[in-house]
Amino acid sequence: MSFPIPPWLNQYRASANSFLSEYEPLILLIAPLFSLLIARILQSIFLVIHERGLKATIISFVMTAIKLVPGVKKYIDSEKQKIVDKLQGSSNRDGWRTELPKSGLGDNVLVQMRDEKQKDVTWQGKCSGTVYIGGNENEGHFSLINEACSMFAHTNPLHLSVFPSVVRFEAEVVAMTAAILGSKEKASGGQICGNMTSGGTESILLAVKSSRDYMKAKKGITKPEMIIPVSAHSAYDKAAQYFKIKLWRVPVDKEFRADVKATKRYINKNTIMELGDLASSYQICFHVDLCLGGFVLPFARKLGYPVPPFDFTVQGVTSISVDVHKYGLAPKGTSVVLYRNREIRKKKKSYSLYLQKKGYHSYEVLMTYIHCIHMIVTEWTGGLYVSPTIAGSRAGGLIAGAWAAMISLGSEGYLENTKEIMEASKRIQKGIQDIPELFVIGRPDMSIIAFGSDVVDIFEVNDILSSKGWHLNALQRPNSVHICVTLQHVPVVQIFLKDLRDSVQTVKENPGPVNGGFAPIYGAAGKMPDRVMVQDLLVEFMDSSC
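Residues numbered from 1 in each chain as written. Predicted model: local features only at pLDDT ≥ 70, side-chain atom pairs only at ≥ 80, totals over all residues. Heavy atoms only, no water.

Looking at an unreviewed UniProt entry, one finds the protein chain named Sphingosine-1-phosphate lyase and attributed to Solanum commersonii. The UniProt entry for the protein chain carries the following text under Subcellular location (unreviewed entry): "Endoplasmic reticulum membrane". As stated in UniProt under Cofactor (unreviewed entry), the record for the protein chain gives "pyridoxal 5'-phosphate". (UniProt positions renumbered as here; feature names shortened; annotations may be inferred.)

(A) Examining the pattern of salt bridges more closely. This model, assessed by the stated rule, comprises 14 salt bridges. Between R249 and D237 there is a salt bridge whose closest N-O contact spans 2.4 Å. Separated by 12 residues along the polypeptide, R249 in strand β3 (residues 246-250) and D237 in helix α9 (residues 235-242) bring together distant segments of the chain. The exposure class assigned to D237 is partly exposed, which follows from its relative accessible area of 26%. Of the charged contacts, one joins D502 and K498 as a salt bridge, the two residues approaching to 2.9 Å between their closest N and O atoms. (Salt bridge = Lys/Arg side-chain N within 4 Å of Asp/Glu carboxyl O. Helix = DSSP H or I, 4+ residues; strand = E, 2+ residues; numbered from the N terminus. Buried < 20%, exposed > 50% of the residue type's maximum accessible area, 1.4 Å probe, protein only.)

(B) Seen up close, the nonpolar core. Counting residues in hydrophobic clusters, the biggest one holds 74 residues, and the most contacted among them are V208, M226, I320, V324, Y327 and L338. No other element matches the 8 residues that helix α14 (residues 396-433) contributes to this core. (Core = buried A, V, L, I, M, F, W, Y, C linked by side-chain atoms within 4.5 Å.)

(C) Helix α16 (residues 493-509), seen in detail. Compared with an ideal rise of 1.5 Å per residue, which puts 17 residues at 24 Å, α16 spans 25 Å between its outermost C-alpha atoms and is within 8% of the ideal. Within the span of α16, buried status applies to V493, F496, L497, D499, L500, S503, V504 and V507. All buried residues of α16 fall inside an arc of 165° around its axis, so they share one side. More than 90 degrees from the buried face of α16, the exposed residues found are Q494 and E509. Along its buried surface, α16 packs onto α14, β11 (448-452), α15 (458-467) and β13 (480-484). (Expected span 1.5 Å × (residues − 1). Arc of directions from axis to C-beta. Contact = heavy atoms within 4.5 Å.)

(D) Up close: the sheet that holds strand β4 (residues 271-273). The strand order across the open sheet built from 3 strands is β3-β2-β4, with neighbouring strands paired in parallel fashion. Of all strands in the sheet, those bounded by a partner on one side alone are β3 and β4. Strand-to-strand twist of the sheet, defined as the mean angle between neighbouring strand axes without regard to direction, takes the value 40°. Two strands pair when backbone bridges link them, and strand β2 (residues 225-229) and β3 are joined in this way by 5 bridges, in the parallel orientation. Residue I227 lies in a different strand from β3, and its bridge partner there is W248. Strand contacts of helix α8 (residues 200-219): β2 and β4, with the helix running at about 140° to β4, the strand carrying the most contacts. Contacts between α9 and the sheet are confined to β2 and β3, with β3 contributing the most and set at about 155° to the helix. (Pairing = 2+ DSSP bridges. Axes fitted to C-alpha atoms, helices over the stretch in contact; angles between N-to-C directions.)

(E) Representation of the UniProt feature "modified residue: N6-(pyridoxal phosphate)lysine" (unreviewed entry) in the protein chain within the structure. In this structure's numbering, the residues bearing the UniProt feature "modified residue: N6-(pyridoxal phosphate)lysine" (unreviewed entry) are K326. Inspection of the secondary structure puts K326 in the loop between β6 (319-323) and β7 (335-339). Among the residues examined, K326 registers a relative accessible area of 19% and is labelled buried. Here the side chain of K326 touches D323 through a polar contact of 2.4 Å, side chain to side chain. (Polar contact = N/O pair within 3.5 Å; in protein donor to acceptor, adjacent residues only side chain to side chain.)

(F) Representation of the sheet that holds β11. If you trace the 4 strands from one edge of the open sheet to the other, you get β10-β11-β13-β12, paired in antiparallel fashion. A strand with exactly one partner marks an edge of an open sheet, and here the two such strands are β10 (439-440) and β12 (473-475). Sheet topology note: the β12/β13 ladder contains 3 bridges and is antiparallel. Bridging across to β13, A474 finds its partner in V481. Sheet strands in contact with α14 are β10, β11 and β13, and its direction is about 10° off that of β11.

See below:
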């Protein structure tokens, strides 16, 4: 049975055949393939622009073209190696072991370790951050932490039934940290839960992964995007790379604080994390990075300092990361990631329905729990396996050390420490403001003071300070230096300010790079338009360092 062809279709077919008859059959065969190739190229270009931005893409294209000029790439590689060599400094690897000794040293290994330790820099009171416990390593809180870690050095919380002591310690560290951040307040919902991790980066990674997985389950987001200020920690870049999340860094305001209006422009249907009120109104996730300030800001508020709340009493907050090994004065390698709610535990598929039945808003329920954060294997021949963090085995000694730190200090201890740190910070800030050539960047709320200069090269100032034994942090955009004030700095505030004044005067009278200093490197990196080149520089430095 045949169907009549409409006259208009016959007319269209005749016109098309007449038009195509003017071309060679080979051209007609190649044209669609060529069009498909062009479409794929354009798609790739648009994807690169979407990922890196138009400006960065154009700069990268231009720099790639320049490197094609004979001799240019060789010259760039040569200059890059010079910078890498300078970054490595005078590190001498002669005599470093590359294999096991034939005969073990036994107890004598401790003698060699003490000798090696003597080669470390004198960090007492001279480092920005780095070591947060006051005093020296042989007495007081230092000694207590060392003994606690040693006592539980053989333990591993992965084996719950073998080491119930460290399992309890971890649960209590999490609960106590949560209480500091508002878990006992009605506004928090009273369901805060979490885990200990190896540090702030892992805590942030877990919070981001949980947000991604939850938003996929709740909203069906398969191409997640995350919005953070340009000043946010690089751990978010790492999380974005690891978990395939598009990362948007938005400008900060004139005081270098997160710009809510600028942030709002980046929110779309794929956004999974953002600021409090925006997060709740758009039903997306909001993580607070308190890795540095989690054990200072809550106590500073109690002492009357004008510090806004950054805890679970704030609407929209769904997760918080807190480092116990910073101002919590615990051993290195201890952090906590906290989540607002422990209600969701069993079935990812029932999230939306479960939320509706329970009457929860999206900002009241955290986007992790069991299937979002826990790694579970049910079919392994080695048995059933579940792990709440990136690591499987974990150091029970570090958990015990964190517990010992918090229990030994108590609320009164943290309040006293915070008062000393905040007072020292204010004295340092005022001292910097009294140096005419310097200015404080932003409005420091806590114990980190960044400062720059329009008169002298701030990186040269930093190099002079380094020659005096100080180890501060060089920053960029804008070029500046910051000091993270700890208990180590409390007794040396005036010494630091004197050395800073003298360093500024030295650079003012004798401008120019210090032999062996890093000012030229930081200055050059800040001026390089091609950030891929800077990335390559850092990769080569890291590859040659280990």
